[in-house]
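# Per-entry structural report
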Amino acid sequence: MTRKTTKARTQHQTTKPSDASSKSGAGPAVVADELRALIVDGSFKAGARITERAVTERFDCTSATTREAFHLLEKQGAIIVSARRGARVIAEAYAPPEELFIVWDRLRWLLGEELRRHDASIQPSLPEGKSKKQPSDRLKQIEAQLERLGASSGNIRLVRAMARIALHVAIVAPERLVEIEESLSR
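The residue numbering used here restarts from 1 in each chain and proceeds along that chain's sequence as written. pLDDT decides what is reported in this predicted model: residues at 70 or higher carry local features, side-chain atom pairs at 80 or more are listed and counted, and totals for whole chains, interfaces and linings draw on all residues regardless. The basis for every side-chain value is the complete set of heavy atoms in the structure, and neither hydrogens nor water enter the calculation.

### Details of the nonpolar core
Test applied: We call a set of buried residues a nonpolar core when its members are Ala, Val, Leu, Ile, Met, Phe, Trp, Tyr or Cys and they connect through side-chain atoms within 4.5 Å of each other. Note on classification: 1.4 Å probe, protein chains only; a residue is buried when its accessible area is under 20% of the maximum for its type, exposed when over 50%, partly exposed between these limits. To qualify as a helix, a DSSP run of H or I must reach at least 4 residues; to qualify as a strand, a run of E must reach at least 2; elements of each kind are numbered from the N terminus.
Ranked by size, the top nonpolar core spans 45 residues in total, and within it Leu35, Leu146 and Ile171 carry the most contacts. Listed by contribution, the elements that provide at least two residues to this core are α2 (28-40), α3 (52-59), α4 (63-76), β3 (86-89), α5 (97-117), α6 (135-153), α7 (156-172) and α8 (177-185). Residue contributions to this core peak at 11 residues, all from α7.

Quick look at the structure:
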């Protein structure tokens, strides 16, 4: 076999689909991120059912990719997955806003104590007042601020719990997301 023939065969083999599925959609992390943005921005309301088929068709991905994306979102606390029923966006009954804010306030106090213990301070980096950005963009800003605070305080687990609460607020009470933003800018 000549060198040209081998090269041509190699190129031909790499251009063929590697699996039986012709789906060429995004990976599970990308699908999870985009689906999470849709949930936070209100395309899927709190308590709404999300079927595997709908996600597979919307994102042009395989069922396995959809299931993995569901798993990632369930780990984040955005959805609850039920066998053979698909998934549901968390509902207000699962995450009552008043209780979320009680927990948020306690965690915020603990974070302040951790920052004082490490001689660090909260540097406001969130815009004051209500933003015109999409809730998903605002949530990303909150999470970025929390990551910085976690690095300063040395308590990543605390800020991850706070990020989960911020996600729940963004889903079940998006109009109150501004309260989370304001508490981080004080």
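### Brief notes about the pairing of β3
Heads up, the condition is: Here a strand pair is declared whenever DSSP counts at least two bridges between the two strands.
The pairing of strand β1 (residues 49-50) with β3 spans two bridges and is classified as antiparallel. Residue pairing in the sheet places isoleucine 50 in a bridge with alanine 87 of β3. Adjacent in sequence and paired antiparallel, strand β2 (residues 79-82) and β3 are bridged by three residues, among which arginine 84 carries a positive phi angle near 65°.

### Quick word on the pattern of salt bridges
Selection criterion: The rule for a salt bridge is simple: a side-chain nitrogen of Lys or Arg has to be within 4 Å of a carboxyl oxygen of Asp or Glu.
Applying the stated criterion across every chain yields a total of seven salt bridges. Here arginine 117 and glutamate 114 are joined by a salt bridge, their closest N and O atoms 2.9 Å apart. Separated by three residues within a single helix, arginine 117 and glutamate 114 lie in helix α5, roughly one turn from each other. Residue arginine 117 is classed as exposed on the basis of its relative accessible area of 59%. By relative accessible area, which is 18% here, glutamate 114 ends up buried. It is possible to trace a salt-bridge network through shared partners that takes in Glu98, Arg176 and Glu179.

### Some remarks on the side chain of glutamate 143
Heads up, the rule is: By definition, residues are in contact when any of their heavy atoms lie within 4.5 Å.
Locating glutamate 143 in the fold gives a position in helix α6. Classification of glutamate 143 by relative accessible area gives buried; the value is 18%. In contact with glutamate 143, other than residues within four places in its own chain, are Arg36 and Ala163.

### Quick look at the sheet that holds β3
Worth spelling out the cut-off: For helices, the fitted axis covers only the stretch in contact; all axes are lines through C-alpha atoms, and the angles between them, taken along N-to-C directions, range from 0 to 180 degrees.
Taking strand neighbours across the sheet as the criterion, the three strands line up as β1-β3-β2 in an open arrangement whose pairing is antiparallel. Strands at the two margins of the open sheet, each flanked by one partner only, are β1 and β2. Along the sheet, α4 contacts β1, β2 and β3; its crossing angle with β2, the most-contacted strand, is approximately 130°.

### Let's talk about α5
Applied cut-off: The span you would expect from a helix comes to 1.5 Å times its residue count less one. To obtain the arc, one takes the directions from the helix axis to the C-beta atoms.
The first and last C-alpha atoms of α5 sit 30 Å apart over 21 residues, in line with the 30 Å expected at 1.5 Å per residue. Buried within α5 are the following residues: Pro97, Leu100, Phe101, Trp104, Leu107, Arg108, Leu111, Gly112, Glu114 and Leu115. Down the axis, α5 shows its buried residues gathered within 155° of arc, on one side only. Summarising the geometry of α5, the exposed residues directed more than 90 degrees from the buried face are Glu98, Glu99, Arg106, Trp109, Arg116 and Arg117. The elements touched by buried residues of α5 are α6, α7 and α8. Residue aspartate 119 follows α5 closely and has a positive phi angle near 55°.

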